[in-house]
Amino acid sequence: MQLKTILNRVHKHQSFVYAEVELKEEKQQMVLEVTIRPRRNSRPVCSGCGRRCPGYDTLSARRFEFIPFWGILVYFVYAMRRVQCSICGVKVESVPWAQGKHPITTAYAWFLSGWARHLSWSQVSKSFRTSWHTVYRSVEQAVQWGRAHQDLSGITAIGVDELCWGKWHRYVTVVYQINRESVRLLWLGEHRQAKTLLRFFRWFNKERTSQLEYICSDMWRPYLKVIAKKANQATHILDRFHIMMHLNKAIDKVRATEAKDLAAKGYMPVLKKSRWLLLKRPENLTDKQDVSLATLLQFNLKTVRSYLLKEDFQCFWHYRSAYWAGQFLDRWCTRAMRSRIEPMQNVAKMLRRHRELILNWFRAKKAFSSGIVEGLNGKAKVTTRKAYGYKTFKMLEIALYHSLGALPEPESTHEFF
Ligand SMILES: [Zn+2]
């Protein structure tokens, strides 16, 4: 059987034929070059308007990277024609196996971007002996296609969150769809200012925004303002994940100050390695950690008292009715205010200020799964961490859309992997 026969089975194009196949050696690497020619009397397609036009001239032959096999790199070789288009003038033709000026075939780009879901970009480039840049371009192409073809209907619940990335801890605003039946990354933008989120609403458009029923977010003021202005028909929820994060941060602050204080007074450094003990849920502690927590709890320290306040706050989430949850919240805030521990008082003040939005969590509990934002935040962090190579925001954007966007792919006649 000839190679051409196989190619015609898996990757056939109208108006073009596979011609000579040549096996070469390049830099101690086997390379297969497959020449493509236009079918006789076929007219080239203008890349500007997509119409068939008379030919103008033919450029010198170019190579297009195709899917490798048996450790052999495969290239299509084709001399692009230029057309004389009555609308666009003299233009390069468009060919069905590649897009625009890309030196990789579309089939190979989908192949690589598929693998980039499972492996890091550099692992993919090593596995298929191609460049990191080629992998990046392939993922970019897949993301662009997916974003242009995604279905944005029926979105009624979204979550707004922030991510920190890179050496300089730059912020990124992310918006997720959090409907029970569809969870995905919808949008991300640089920074976390009011105008960042305004850009999301502009992209999402008025009609879709008017259909939003639930919006989950953090207490970050610019977000609160924009959400109130742009989507005030939706129930705005301050969710569990973000509130507990604020509590954990407060405990961290109390512990750090108190540890310094104790050390200055010459007490033994009992708080030094206790950070994770205090942030973990008690049921997640190992036996050894359990013992150290017990030792720690013997001291009547501010740290310990804040820890107990936080643990007590967990009960809040078990309420079913917003009314009783509200009663609990008020009592808890009074206790926190009386604790005379400043970071805890600040949390209490913040919770009081946003009481209604926090209680919305109970009103909307059935409409979305509350763990979702936390889960997505975790996945996004894995992607950003895996991505030491993402030097620019653009790269981060593409990586996140690729891994969390649940983007569609075109249906192909042949699956290459
Ligand atoms: Zn044209």
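Predicted model, so just to flag it, every value in this text is computed and none were measured.

A. Spatial organisation of the coordination of the zinc ion. Here the zinc ion is held by the protein donor atoms Cys46 (SG), Cys49 (SG), Cys85 (SG) and Cys88 (SG), which lie 2.3 Å from it. What the 4 donor atoms of the zinc ion show is an angle range of 105 to 116° at the metal, which sorts the shape as tetrahedral. Taking the relative accessible area as the measure of exposure, cysteine 85 reaches 3% and is therefore buried.

B. View of the sheet that holds strand β6 (residues 157-165). Taken in spatial order, the 5 strands make up an open sheet running β8-β7-β6-β9-β10, and their pairing is mixed. Edge positions in the sheet fall to β8 (182-190) and β10 (235-238), since each of these pairs with one other strand and no more. When the angles between neighbouring strand axes are averaged without regard to direction, this sheet yields 25°. Pairing of β6 with strand β7 (residues 170-179), which is carried by 8 bridges, proceeds in the antiparallel orientation. Following the sheet pairing, isoleucine 158 is matched in β7 by glutamine 177. The sheet strands contacting helix α8 (residues 240-264) are β6, β9 (214-217) and β10, and the helix crosses β6 at an angle near 35°.

C. The nonpolar core, seen in detail. Membership of the largest hydrophobic core comes to 105 residues, with the highest contact counts inside it found for Phe76, Trp97, Leu197, Phe313, Phe316, Trp332 and Leu351. For this core, the element with the most residues is helix α16 (residues 393-404), which contributes 8 residues. Apart from residues lying up to four places away in sequence, phenylalanine 313 is in contact with Ile243, Met244, Leu247, Phe328, Leu329, Trp332 and Leu351.

D. Structural view of the pairing of β6. With 8 of 9 residues buried, β6 lies mostly within the body of the structure. The antiparallel pairing of β6 with β7 creates a hairpin that spans 4 residues between the two strands, and glycine 166 there sits at a positive phi of about 80°.

E. The packing of aromatic side chains, seen in detail. In this structure the tally under the stated criterion is 30 aromatic pairs. Residues tyrosine 319 and phenylalanine 328 carry aromatic rings whose centres are separated by 5.6 Å and whose planes lie at 45° to one another, so their mutual orientation is tilted. By relative accessible area, which is 25% here, tyrosine 319 ends up partly exposed. Linked through ring pairs, Phe313, Phe316, Trp317, Tyr319, Phe328, Trp332, Trp361 and Phe362 together constitute an aromatic cluster. The ring of tyrosine 171 has arginine 192 sitting right over it, with the charged end atom 3.7 Å from the ring centre.

F. Just helix α13 (residues 342-353), in detail. The end-to-end C-alpha distance of α13, which contains 12 residues, comes to 16 Å, matching closely the 16 Å that a straight helix rising 1.5 Å per residue would cover. Packing partners of the buried residues in α13 comprise α8, α11 (302-313), α12 (322-338) and α14 (355-363).

G. Representation of the pairing of β9 in the model. Side chains of β9 alternate between two faces, with Tyr214 and Cys216 and Ile215 and Ser217 buried alike. Note: β6 against β9, 3 bridges, orientation parallel. Within β9, the position partnered with alanine 157 by the bridge is tyrosine 214. Relative to β10, β9 runs parallel, the two sharing 4 bridges. For tyrosine 214, the partnering residue across the bridge sits in β10 and is threonine 235. Note on the crossover from β9 through helix α7 (residues 221-230) to β10: the handedness is right-handed.

Conventions and cut-offs
- Residues numbered from 1 in each chain as written.
- Predicted model: local features only at pLDDT ≥ 70, side-chain atom pairs only at ≥ 80, totals over all residues.
- Heavy atoms only, no water.
- Donors = N, O, S within 2.8 Å, 3.2 Å for Na, K, Ca; no water.
- Tetrahedral: all angles 85-135°; square planar, octahedral: opposite > 155°, others 65-115°.
- Buried < 20%, exposed > 50% of the residue type's maximum accessible area, 1.4 Å probe, protein only.
- Pairing = 2+ DSSP bridges.
- Helix = DSSP H or I, 4+ residues; strand = E, 2+ residues; numbered from the N terminus.
- Axes fitted to C-alpha atoms, helices over the stretch in contact; angles between N-to-C directions.
- Contact = heavy atoms within 4.5 Å.
- Core = buried A, V, L, I, M, F, W, Y, C linked by side-chain atoms within 4.5 Å.
- Phe/Tyr/Trp six-rings, centres within 6.5 Å; stacked < 30°, edge-to-face > 60°.
- Lys NZ or Arg CZ within 6 Å of the ring centre and 35° of its normal.
- Expected span 1.5 Å × (residues − 1).
- Right-handed = clockwise from strand over helix to strand, strands pointing away.

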